[in-house]
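# Structural overview for review
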Amino acid sequence: MIDGLETELRERFAPLADPTDDSNWAAVRARSSEHARHRQRPRPKLLLAAALVLGVLLVSPAVGLRGKVVRLFDHAPAAPERIRKGFGLLSGGALTGEARKVAHAAAGQGITATLWLTPTKGGGFCSAWGLDVPNTPPDSAGVGCYDRAMATTYPVGVTTELHGVSEDGTTLKGPVLLEGVVDLRVQSLELRFSDGDSAAIPFVWVPAPIATGFFLYAVPPRHWRKGHLPTTLLARDAEGHEVGHREIRGVSFPGS
Amino acid sequence: MDARAHELEQLYNARYVTFRNALATVTGSRESARDAVQEAFARALADRERYRDEGSLAAWVWKIAFRVALENRRRPQPWPLEENADPELLEPERDPELAAALRRLPPRRRLVVFLRYFGDFTYAEISAACGVSEGTIAASLAQAREELRAAMTPEGAAK
């Protein structure tokens, strides 16, 4: 019966698929070369040492509010050419001339993470977290463009960046990074782990034209093991009421 | 060219059209899907040393493509990106019955269906792309087939 259904569905879908082959591998390679120039990754061994709790440090005038730090976009230093070019490669309508360095975080071992932002023509923004490792080319990771609707419809969003699992299958390879965004309602963030631990996650709020908060957190090595992984990120308002939470997906082991 | 780059080129040549067609259900247009696939393979090529044979290469590239597609999607969606795809047939008027039946499926199940029938993904590839077990994918597809069949019968369509 399943075979019959499978065949029937394949026959229904087939005429709806566009058979046009407009592929262009040469164009992919050219685009890839541009990315490689802007996004070369730091060496894993150095990044292992970088997996420390990151504290957001501001690069110019700011106001601190618990875990939330306000950063004025217009007062931030302009982004260098390589970052502006990187934003220009995205298709989000980035106003590359307005790109600015908004915050940086010390990660130990001389490694720093820097947040770059620029508004887009449509009222959204493009962001890039750059990891700078001594003696390696500058890196821009976590680049993306977001429209205005995204910044106002959900209080907190989080993505994860993993680097595989160890050979014995019980420990994640570092670094384990969580990066994400929060909206205006959020005043503090708490990350909970499966062993009962929790950690306050600092974030930087960037007012208009960005109007979004950003965080980058390097999960400590003691939480790379089964039974100790991050599980939930809680967002609270000024009164301490929960306004949103995200399950930490992606920080897991195959089959778990 | 190194072996991984060669592998990516082979994957691109073999799967470009199906990736684009599957992704178009997420982006809402073939043009944006094409751009997303191009961007995804470019990123994969630039970052190929990060791929460590965890799951299939096709699934790894698909995940990049999916993320690119949602970053550049036509329809605004909230975070988190992975949970808010709402894929649709590009030209529902070409098969209104199937389009209506698909709309009745939950978005995630609809995506699995599109990966299977537009993207030609194997169960293992869908499993790796979606981060769930093959058994779950098999069950999800079986359920989707039954729901589609039920919805496309006269009785089911009338409900």
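Throughout this description, residue numbers start from 1 for each chain and increase along the sequence as written. Labels follow written order: the first chain is A, the first ligand is 1, and so on. Given that the model is predicted, a residue must reach a pLDDT of at least 70 before its local features are reported, and side-chain atom pairs must reach 80 or more before they are shown or counted; all residues, however, enter totals for whole chains, interfaces and linings. As a rule here, side-chain values cover all heavy atoms of the structure and leave hydrogens and water aside.

### Digging into the overall build of chain B
Put simply, the test is: Strands are runs of DSSP state E lasting at least two residues, helices are runs of H or I lasting at least four, and both sets are numbered from the N terminus onward. Relative accessibility decides the category of a residue: with a 1.4 Å probe and only protein chains considered, values under 20% of the type maximum give buried, values over 50% give exposed, and everything between is partly exposed. For this analysis, residues touch if any pair of their heavy atoms sits within 4.5 Å. Surface accessibility in these figures is a Shrake-Rupley result with a 1.4 Å probe; residues are shielded only by whichever protein chains are displayed.
In terms of regular secondary structure, chain B is built from eight helices and zero strands. What you see in chain B, going N to C, is helices and strands ordered as α-α-α-α-α-α-α-α. Taking all 159 residues of chain B together, 55% fall into the buried category. At a minimum sequence separation of 6, the contacts of chain B that also span at least 24 residues come to 61%. Surface exposure of chain B reaches about 6,500 Å², of which carbon and sulfur atoms provide 51%.

### Notes on the pattern of salt bridges
For clarity, the cut-off: Each salt bridge in this description consists of a side-chain nitrogen of Lys or Arg and a carboxyl oxygen of Asp or Glu lying within 4 Å of one another.
With the rule as written, the count across this model stands at 25 salt bridges over all chains. As a salt-bridge pair, Glu81(A) and Arg84(A) come within 2.6 Å of each other at their nearest N and O atoms. Here Glu81(A) pairs with Arg84(A), and both are found in helix H4 (residues 81-89), just three residues apart, close to one helical turn. Across the pair Arg109(B) and Glu147(B) runs a salt bridge whose closest N-O atoms are separated by 2.7 Å. With Arg109(B) in helix H5 (residues 107-117) and Glu147(B) in helix H7 (residues 134-152), this residue pair connects regions lying 38 residues apart in the sequence. Each of Asp18(A), Asp22(A), Arg20(B), Arg30(B), Arg34(B), Glu91(B) and Arg94(B) takes part in one network of salt bridges that share partners.

### Notes on the environment of Phe19(B)
Residues and elements named next belong to chain B. Among the structural elements, Phe19 can be located in helix H1 (residues 3-27). Relative accessible area serves as the criterion here: at 0%, Phe19 is assigned to the buried category. It is 5.4 Å that separates the C-alpha atoms of Phe19 and Gly119, two residues lying 100 residues apart in sequence. Once you skip the residues sitting within four places of it in the chain, Phe19 turns out to touch Val37, Phe41, Ala58, Val61, Trp62 and Phe121.

### Let's talk about the side chain of Arg110(B)
All names here are of chain B. When you line up the elements, Arg110 lands in helix H5. With relative accessibility at 6%, the residue Arg110 sits in the buried group. Setting aside anything within four residues of it in sequence, one finds Arg110 in contact with Asp86, Pro87, Glu88, Leu102, Arg103 and Leu105.

### Concerning the confidence of the model for chain B
Residues and elements named next belong to chain B. Formally: What pLDDT conveys is the predictor's confidence in a given residue, as a value from 0 to 100.
Across chain B, pLDDT averages 81, with 83% of residues at or above 70. Across chain B, the element-wise mean pLDDT spans from 56 in helix H8 (residues 154-158) up to 92 in H1. Confidence over residues 74-83 falls short of pLDDT 50; this stretch has 37 contacts with residues more than four positions distant or in other chains. As a predicted assembly, this complex carries a pTM of 0.49 together with an ipTM value of 0.85.

### Quick notes on unusual backbone geometry
All names here are of chain A. Note the cis peptide between Ala208 and Pro209, where omega equals 10 degrees. Positionally, Pro209 belongs in the loop between strand S12 (203-206) and strand S13 (212-218). Phi at Ala211 takes a positive value of approximately 55 degrees, unusual for a residue other than glycine. If you trace the backbone, Ala211 turns up in the loop between S12 and S13.

### Points about H1(B)
Given 3.6 residues to a turn, an α-helix orients residues that are three or four positions apart in the same direction. Residues and elements named next belong to chain B. Under the convention used in this document: Every helix has an expected span of 1.5 Å times one less than the residues it contains. The bend at a residue is defined as the angle formed between two axes, one fitted to the seven residues ending at that residue and one fitted to the seven starting there. Any pair of nitrogen or oxygen atoms within 3.5 Å is treated as a polar contact; in protein, a donor-acceptor pairing is required on top of that, and neighbouring residues in sequence qualify only through side-chain atoms on both sides.
The terminal C-alpha atoms of H1, which comprises 25 residues, lie only 31 Å apart, well short of the 36 Å expected from a rise of 1.5 Å per residue. Arg15 marks where H1 bends most, by close to 65 degrees. Along H1, 19 of the 25 residues are buried, which leaves the element largely enclosed by surrounding structure. At the N-terminal boundary of H1, the capping side chain belongs to Asp2, with an oxygen 3.1 Å from the backbone nitrogen of Arg4. A positive phi of about 95 degrees marks Gly28, the residue just after H1.

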